[in-house]
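Results of the structural survey
Here is what each chain is made of, one letter per residue.
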Amino acid sequence: MNSKLAQNVILFYSLVLFLSLGFRENASMYSSDITGAVLVSSTLISMATADRFGLRALFITGVFQMIMCLVL
């Protein structure tokens, strides 16, 4: 399963997922809303960061972080 499909499945079935984890109906709805809000805000922050610093600088930073995680 590719990551985009997994992401869509989790977002589409988030209410059912939170209910199956033991959340009540209201808490499940709020958790789903928070998940969507975090997704939107993360996208906006990413767009602003990419515009400000450029994609090349972000790519080099990401590669460095991945190398450090693999080394650790």
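Because the structure is a prediction, the values reported are computed rather than measured. Position numbers for residues start from 1 in each chain and track the written sequence from start to end. Reporting in this predicted model follows two pLDDT cut-offs: at least 70 for local features of residues, and 80 or more for side-chain atom pairs to be given and counted; totals over whole chains, interfaces and linings ignore these cut-offs and use all residues. In computing side-chain values, all of the structure's heavy atoms are included and hydrogens and water are not.

What follows covers the overall build of the chain. Scanning the chain for helices and strands turns up four helices and zero strands. A run of DSSP states H or I qualifies as a helix once it reaches four residues; a run of E qualifies as a strand once it reaches two. Both are numbered from the N-terminal end. Along the chain direction, N to C, the helices and strands of the chain fall in the order α-α-α-α. Atoms counted for the radius of gyration: C-alpha only. Globule rule: 2.2 Å times the number of residues to the power 0.38. Whereas a compact globule of 72 residues would reach a radius of gyration of roughly 11 Å, the chain reaches 17 Å, over 25% beyond that. In terms of overall dimensions, the chain has a C-alpha envelope of 45 × 30 × 20 Å along the principal axes. Think of it in three bands: with a 1.4 Å probe and only protein chains considered, a residue is buried below 20% of the maximum accessible area for its type, exposed above 50%, and partly exposed in between. For the chain, buried positions account for 7% of its 72 residues. Working definition of accessibility: Shrake-Rupley area with a 1.4 Å probe, residue cover restricted to the visible protein chains. With the model as given, the accessible surface of the chain reaches about 6,300 Å², and the carbon-plus-sulfur share is 70%.

What follows is about the packing of aromatic side chains. Each pair of aromatic rings is reported with the distance of its centres and the angle of its planes. Pairs were defined over the aromatic rings of Phe, Tyr and Trp, the Trp ring being its six-membered one, requiring ring centres within 6.5 Å. Orientation was assigned from the angle between planes: stacked under 30 degrees, edge-to-face over 60, tilted for the rest. Counted according to the given criterion, the structure contains two aromatic pairs. On the basis of an interplanar angle of 90 degrees and a centroid distance of 4.9 Å, the ring pair of phenylalanine 12 and tyrosine 13 is categorised as edge-to-face. Taking relative accessible area as the criterion, tyrosine 13 reaches 45% and is therefore assigned partly exposed.

This part is about the confidence of the model for the chain. pLDDT gives the predictor's per-residue confidence on a scale running from 0 to 100. The pLDDT averaged across the chain works out to 87; a share of 96% of its residues lies at or above 70. Summarising per-element confidence for the chain, the mean pLDDT is lowest in helix H1 (residues 3-12) (78) and highest in helix H4 (residues 55-71) (92).

Attention now goes to the UniProt feature "transmembrane region" (unreviewed entry) in the chain. UniProt positions are given in the numbering used here, feature names are shortened, and annotations may be inferred rather than shown by experiment. Per the UniProt annotation, the sites labelled "transmembrane region" (unreviewed entry) are residues 6-23 and 53-71. The span residues 6-23 shows a helical share of 78% and a strand share of 0%, and its end C-alpha atoms are spaced 21 Å apart. The distance separating the terminal C-alpha atoms of residues 53-71 is 26 Å; by composition the span is 95% helix and 0% strand.

With respect to the helices and strands, the residue methionine 66 is situated in helix H4. Distance from methionine 66 to serine 20, taken between C-alpha atoms, is 33 Å for residues 46 residues apart in sequence.

Before going further, it helps to examine the packing of helix H3 (residues 25-53) against H4. Fitted lines through C-alpha atoms give the axes, limited to the stretch in contact for helices. The angle between two N-to-C directions lies from 0 to 180 degrees. At their nearest, the axes of H3 and H4 sit 6 Å apart, and the two run at 110 degrees to each other. The orientation of H3 relative to H4 falls into the category roughly perpendicular. Taken together, the residues of H4 that come into contact with H3 (itself represented by Thr49, Ala50 and Phe53) are Leu55, Ala57 and Leu58. For the contact of H3 with H4, the per-class residue count stands at five nonpolar, one polar and no charged. The labels follow the angle: roughly parallel below 35 degrees, roughly antiparallel above 145, roughly perpendicular from 65 to 115, and oblique for the rest. Residue contacts are defined here by distance: any two heavy atoms, one from each residue, within 4.5 Å place the two residues in contact. In this classification, the charged set is Asp, Glu, Lys and Arg, the nonpolar set is Ala, Val, Leu, Ile, Met, Phe, Trp, Tyr, Cys and Pro, and all remaining amino acids, among them Gly, are polar.

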